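Chain residues, written in single-letter form:
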Amino acid sequence: MTTASDTIAPACETTVSPRKEAKQRRSRVKVEKILDTALTMLSEGSADKITTNAIAKHAGISIGSLYQFFPNKEAIFYELFQRWLVQTLDALDAATLRMEAGDPKEKCVDAILDALSGSAEINSPGHWQLRRAMGSSPELADLEQSHLRQIVERIKAMQTKLGCFPPAELADDLALLQNQTAIACLQVLAQTVTSGNQEQVRGWCRKLLLLAFDYQELS
């Protein structure tokens, strides 16, 4: 939801589409600074407390410069989420390619954890605050649903490689359960990265995911 500070943007701006494409190097640098600053601020607090004025101030640019590229903070969140989605799907696709037909489920679980938990560009506290903000506008909610559908399809593809074939009427629900379990594990790993207990936490996550990916055990 747009805050009072965001209303400096021109009236009737509800779209999350960027105002203009950053073509010159100086403009691209400015856009990256805006995005990096917003993600850092998300790692420090909830999205509803962030305003475009605050982003501009922390980025060291004028609010007018920010509005040259983004009409509101939702447009910034949308761009951040789009980038995160591409990186996440690419990581899962690469993990799936490394798997061989008939591999044990342990390899699938390890591939997911290795691909998604070790990169700050994919799994950071800021990304999880960003996910919580995805219901703040229809466009953000639609992007989140698109993300969910694509992740579920990746998980189903992994299960096929593992030789796991749940009944067709259960496949989507099982993949959704596995995705939600993975989300919980990855979020905890992101939040405990500085706790000194990462290996222990990762072991717990691995056990939970192994259960979630064992259709026979769940049945």
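Structure: above.
These numbers come from a predicted model, not from an experiment.

A. How the structure looks around the overall build of the protein. Of regular secondary structure, the protein possesses 10 helices and zero strands. Secondary structure of the protein in N-to-C order comes out as α-α-α-α-α-α-α-α-α-α. Expressed as a percentage of its 219 residues, the buried residues of the protein come to 46%. Intrachain contacts of the protein at a sequence separation of at least 6 include 73% that bridge at least 24 residues. When the accessible surface of the protein is totalled, it reaches about 11,500 Å², and 54% of it is carbon and sulfur.

B. Quick peek at the packing of aromatic side chains. The final tally for this structure, using the stated rule, is one aromatic pair. An angle of 45 degrees between the planes, with centres 5.3 Å apart, marks the rings of F81 and W84 as tilted. You can see F81 and its partner W84 sitting in helix α4 (residues 73-98), three residues apart, about one turn around the helix. Residues F81 and W84 agree in their burial class; the two are buried.

C. Region of interest: helix α1 (residues 25-44). Compared with the 28 Å implied by 1.5 Å per residue over 20 residues, the 29 Å span of α1 between its first and last C-alpha is a close match. Within α1, burial applies to S27, V31, I34, L35, T37, A38, M41 and L42. All buried residues of α1 fall inside an arc of 160 degrees around its axis, so they share one side. Projecting away from the buried face of α1 at angles above 90 degrees are the exposed residues R25, R26 and E44. Those residues of α1 hidden inside the fold are in contact with α2 (52-59), α3 (63-69), α4 and α6 (125-132).

D. Here's a closer look at a nonpolar patch on the surface. A cluster of nonpolar side chains, L177, L211 and L218, forms an exposed patch at the surface whose accessible area comes to about 250 Å². Of note, L177 is situated in helix α8 (residues 168-191).

E. Local environment of the side chain of K73. By the secondary structure assignment, K73 is in helix α4. For K73, a relative accessible area of 3% puts it in the buried group. Among the polar contacts made by the side chain of K73, one reaches the main-chain carbonyl oxygen of A47 at a distance of 3.0 Å.

F. Up close: the packing of α1 against α4. It is at 10 Å that the axes of α1 and α4 come closest, and there the two elements cross at 90 degrees. Considering their axes alone, α1 and α4 lie roughly perpendicular with respect to each other. Of the residues in α4, those touching α1 at E32, I34, L35, A38, L39 and L42 are I76, F77, E79, L80 and R83. Its residues assigned to classes, the contact of α1 with α4 comprises eight nonpolar, no polar and three charged.

G. Representation of the pattern of salt bridges. All told, the structure shown has 11 salt bridges when counted by the stated rule. When the shortest N-O distance is used, the salt bridge between E144 and R131 registers 3.1 Å. Here E144 is found in helix α7 (residues 138-162), whereas its partner R131 is found in helix α6, with 13 residues between them in sequence. Of the charged contacts in the structure, one is a salt bridge between K156 and D172, with a shortest N-O distance of 2.6 Å. Taken together, the positions of K156 in helix α7 and D172 in helix α8 put the pair 16 residues apart, joining distant regions of the chain. The exposure class assigned to D172 is partly exposed, which follows from its relative accessible area of 41%. Connected through shared salt-bridge partners, E32, E79 and R83 make up one network.

Rules and cut-offs
Residues numbered from 1 in each chain as written. Predicted model: local features only at pLDDT ≥ 70, side-chain atom pairs only at ≥ 80, totals over all residues. Heavy atoms only, no water. Helix = DSSP H or I, 4+ residues; strand = E, 2+ residues; numbered from the N terminus. Buried < 20%, exposed > 50% of the residue type's maximum accessible area, 1.4 Å probe, protein only. Contact = heavy atoms within 4.5 Å. Areas by Shrake-Rupley, 256 points an atom, 1.4 Å probe, with all protein chains shown as cover. Phe/Tyr/Trp six-rings, centres within 6.5 Å; stacked < 30°, edge-to-face > 60°. Expected span 1.5 Å × (residues − 1). Arc of directions from axis to C-beta. Patch = residues over 30% accessible without salt bridge, like charges linked within 9 Å, V, L, I, M, F, W, Y side chains within 5 Å. Salt bridge = Lys/Arg side-chain N within 4 Å of Asp/Glu carboxyl O. Polar contact = N/O pair within 3.5 Å; in protein donor to acceptor, adjacent residues only side chain to side chain. Axes fitted to C-alpha atoms, helices over the stretch in contact; angles between N-to-C directions. Parallel < 35°, antiparallel > 145°, perpendicular 65-115°, else oblique. Nonpolar A, V, L, I, M, F, W, Y, C, P; charged D, E, K, R; others polar.

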